[in-house]
Amino acid sequence: MNLSKLYFIPAAFFILPILLLQNMGCVKEYSYEGGDTLTMIRQPILDSIIPPPDADTIKVFPDCSLCNAEDDLSVGTWSFETGSSYVCGTTTSSGFFGGYSKLDITFFGPSACSQDTGLVMSVFLPVPLDRSRSNLIADRAAFYYYDHNAPNDIFDSQSEKPFIVTVQEFNISTGIATGTFEGTVFKPNGDTAVIKEGRYKVQIK
């Protein structure tokens, strides 16, 4: 393993907010409590993420016996699908990276079947997580799926393609947030892929 990459994850925790603000600019935000906001923005934002039928048949990653799409997530875990592959993993850190504003969260951690690959995600929220909330939607997020043994990330999101993160439930007393994510990401060669059925359950500290 390239030892210089050991510093990638801690550095990302602080650098991602700056990069995100530079790249994303002003984007309309969505928030609503007590209703189904996913239905509200299904047209056109989320529908633009739906892949063509043949994309669903591509085996992107080897099967992982530790990952089962039918399993419920425990605290500190994440999962997503891409092509016909299902990927899951744990979080080694999660928290507010914007100080006391509680408007931005980051979590990251390795894949279950490959400790050299994993997920990093930073999310800019439409309202602060300063109390229990539900049904929040953020369309400003940075998603990375890294590989410590490669010079480039396997996937990364970019501002020109939609990437949506929801906070379905946040409990202020426990700090536990559960939600979903989906969107278009880019490969190192410039091709795109679709992240779908993304789920996370993390304790925001």
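Just above sits the structure.
Residues numbered from 1 in each chain as written. Predicted model: local features only at pLDDT ≥ 70, side-chain atom pairs only at ≥ 80, totals over all residues. Heavy atoms only, no water.

Colleague: Describe unusual backbone geometry, listing the residues and the values that go with them.
Modeller: Its identity is not glycine, yet Lys102 carries a phi of approximately 60 degrees, on the positive side. Residue placement: Lys102 occurs in the loop between strand 4 (93-96) and strand 5 (104-110). Even without being glycine, Glu197 reaches a positive phi, approximately 50 degrees. (Helix = DSSP H or I, 4+ residues; strand = E, 2+ residues; numbered from the N terminus.)

Colleague: Just give me the short version of the pattern of salt bridges, but keep the residues and values in it.
Modeller: Applying the stated criterion across every chain yields a total of one salt bridge. The salt bridge involving Asp130 is made with Arg133; its shortest N-O contact spans 3.2 Å. On the accessibility criterion, Arg133 (8% relative accessible area) is buried. (Salt bridge = Lys/Arg side-chain N within 4 Å of Asp/Glu carboxyl O. Buried < 20%, exposed > 50% of the residue type's maximum accessible area, 1.4 Å probe, protein only.)

Colleague: Pulling in residues and values, what's your account of the state of the cysteines?
Modeller: In the structure shown here, the tally under the stated rule is two disulfides. Between the sulfur atoms of Cys67 and its disulfide mate Cys88 the distance is 2.0 Å. Across the S-S bond of Cys67 and Cys88 the torsion is about -85 degrees, and the bridge reads as left-handed. Placement of the pair is Cys67 in the loop between helix 2 (37-40) and strand 2 (77-82) and Cys88 in strand 3 (residues 85-90), with a sequence separation of 21 residues. By sequence order of its bonded cysteines, the chain has the disulfide arrangement 1-4, 2-3. (Disulfide = S-S within 2.5 Å.)

Colleague: Please provide a residue-by-residue account of the packing of aromatic side chains, values included.
Modeller: One pass over the full model with this rule turns up 11 aromatic pairs. Through pairs of rings, three or more aromatic residues link up here, namely Trp78, Phe80, Phe143, Tyr145, Phe155, Phe163 and Phe181. (Phe/Tyr/Trp six-rings, centres within 6.5 Å; stacked < 30°, edge-to-face > 60°.)

Colleague: Could you give an account of the environment of Gln158, naming the residues involved and the relevant values?
Modeller: By the element assignment, Gln158 lies in the loop between strand 9 (155-156) and strand 10 (163-171). Spatially, the C-alpha atoms of Gln158 and Val185 are 6.8 Å apart, while their sequence positions differ by 27 residues.

Colleague: Can you lay out the environment of Tyr145 for me, pointing to particular residues and giving the numbers?
Modeller: Following the sequence through the fold, Tyr145 ends up in strand 8 (residues 140-147). As a C-alpha pair, Tyr145 and Leu119 span 26 residues in sequence and 4.6 Å in three-dimensional space. With residues near it in sequence (within four places) discarded, Tyr145 still touches Phe61, Trp78, Phe80, Val87, Ser111, Thr117, Gly118, Leu119, Asp153, Ile154 and Phe155. Side chain to side chain, Tyr145 and Ser111 meet in a polar contact 2.5 Å long. (Contact = heavy atoms within 4.5 Å. Polar contact = N/O pair within 3.5 Å; in protein donor to acceptor, adjacent residues only side chain to side chain.)

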